[in-house]
Amino acid sequence: MQSLYVEGNSRLHLISARVKLIVLAALGIALFATANIALLGFAVVATGAAYFGIGMPVRAALARLKPILLTILIVAVFSLAFNPWHGAVVALLRLTALMLFAASVTATTTIAAFMDEITLAARPLERLGLVRADDVGLAVGLVVRFVPEIIGRYHAIAEAHHARALKVRPSTVLVPLIILTLKDADNIAAAIDARGIRRHVD
């Protein structure tokens, strides 16, 4: 499987996963607490500098952002269609800044570090009997791990369509993508149960 983590020694790599996740949460709150275009523009520049300062080649860094950026642009267009231009620009800047910093966090934090912090954060809920902290950490780790794999599969299926001179349509791409993803999920679930990683509920 591929991974979103990128080896490096940038400043973000040296910061603990806990601090980065706290900053990400605080940034999300701050971004949605203001509609000042100048401040949001500064946030985009700052988070962009953080992301492109990780050390990845520019082409690879942009390729990671492409699927999410397209979604953000679609949201901005719909916002523009039903709201004043100011609201559309605010939405675009907010989501772009959040995307850039989130991408920076995932690129500089290992899956194991993510799982450890999420598991620790879920411990109070486990004491209340609401969740199993280890299972929550494992679930988040698997989701983060699966993202690049699913994107890679989508591109592979799309390229296969192009090679056969077939038009790429959601109906012809999503079905094999979902089947392959579910198959992998079953295999991973079986491997987890075989190794006793996940505690079974009585």
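Numbering of residues begins from 1 in every chain and follows the order in which that chain's sequence is written. For this predicted model, a pLDDT threshold of at least 70 governs which residues receive local features, and a threshold of 80 or more governs which side-chain atom pairs are given and counted, while totals over whole chains, interfaces and linings are taken from all residues. To obtain the side-chain values, all non-hydrogen atoms of the structure were included, while hydrogens and water were left out.

(A) Quick look at the overall build of the chain. Broken down by element type, the chain carries eight helices and zero strands. When the helices and strands of the chain are listed from N to C terminus, the series reads α-α-α-α-α-α-α-α. When the 202 residues of the chain are sorted by exposure, 31% land in the buried category. Residue contacts follow a heavy-atom distance rule, with two residues in contact if any of their heavy atoms lie within 4.5 Å. For the chain, restricting intrachain contacts to residue pairs at least 6 apart in sequence, the fraction spanning at least 24 positions comes to 68%. Computed with the Shrake-Rupley method and a 1.4 Å probe, the accessible areas treat only the protein chains shown as cover for residues. Just so you have it, the chain exposes about 12,500 Å², and 69% of that area is on carbon and sulfur atoms. Strands are runs of DSSP state E lasting at least 2 residues, helices are runs of H or I lasting at least 4, and numbering of each runs from the N terminus. Buried residues are those whose accessible area, probed at 1.4 Å on protein chains only, stays under 20% of the maximum for their type, while exposed residues exceed 50% and partly exposed ones sit between those limits.

(B) A look at the environment of Ala35. Within the element layout of this structure, Ala35 appears in the loop between helix H2 (17–31) and helix H3 (37–52). For the pair Ala35 and Gly87, spaced 52 residues apart in the sequence, the C-alpha separation amounts to 8.1 Å.

(C) Fine view of the nonpolar core. Among buried residues, the Ala, Val, Leu, Ile, Met, Phe, Trp, Tyr and Cys ones that are joined through side-chain atoms within 4.5 Å form a nonpolar core. The biggest cluster of nonpolar side chains holds 22 residues, and the ones touching the most others in it are Leu31, Tyr51, Leu65 and Leu100. Looking at this core element by element, the count peaks at nine residues for helix H5 (residues 85–108). In this structure, Tyr51 is in contact with Met56, Ala61, Arg64, Leu65, Leu100, Ala103 and Ser104, ignoring residues within four places of it in sequence.

(D) Broad picture of a nonpolar patch on the surface. Side chains of Leu125, Leu128, Leu130 and Val131 sit close together on the surface and give an oily, nonpolar patch of about 380 Å² of accessible area. Here Leu128 lies in the loop between helix H6 (111–127) and helix H7 (133–163). Only residues whose relative accessible area exceeds 30% and that form no salt bridge enter a patch; like-charged residues are grouped when within 9 Å of one another, and nonpolar side chains (Val, Leu, Ile, Met, Phe, Trp, Tyr) when within 5 Å. Salt bridges are identified by distance alone: a Lys or Arg side-chain nitrogen within 4 Å of an Asp or Glu carboxyl oxygen.

(E) Here's a closer look at the side chain of Thr109. Mapped onto the elements, Thr109 comes out in the loop between H5 and H6. Looking at Thr109, the relative accessible area reads 4%, which means it is buried. Within 3.5 Å is the distance limit for a polar contact, defined as a pair of N or O atoms, with the added protein rule that one can donate a hydrogen and the other accept it, and that residues adjacent in sequence qualify only through two side-chain atoms. Within polar-contact distance, the side chain of Thr109 engages the side chain of Lys20 at 3.0 Å. Apart from residues no more than four positions distant in its own chain, Thr109 is found in contact with Tyr5, Ala17, Lys20 and Phe114.

(F) Just helix H4 (residues 58–82), in detail. Take the number of residues in a helix, subtract one, and multiply by 1.5 Å to get its expected span. Taking 1.5 Å as the rise per residue, H4 with 25 residues should run 36 Å; its terminal C-alpha atoms sit 35 Å apart, in good agreement. At Lys66, H4 is deflected by roughly 45°, the largest bend along its length, and proline Pro67 occurs up to four residues later in sequence. Turning to H4, its buried residues are Ala61, Leu65, Ile72, Ala76 and Ser79. On its buried side, H4 packs onto H3 and H5. Axes are fitted to the seven residues ending at a residue and to the seven starting at it; the angle between these axes is taken as the bend at that residue.

(G) Region of interest: the pattern of salt bridges. On inspection of all chains with the given rule, the structure shows two salt bridges. Between Arg18 and Glu117 there is a salt bridge, and its shortest N-O distance comes to 2.9 Å. Taken as a pair, Arg18 in helix H2 and Glu117 in helix H6 lie far apart in primary sequence, 99 residues in all. According to the relative accessible area criterion, Arg18 is partly exposed, its value standing at 43%.

Function cannot be inferred from these measures alone, as they are strictly geometric.
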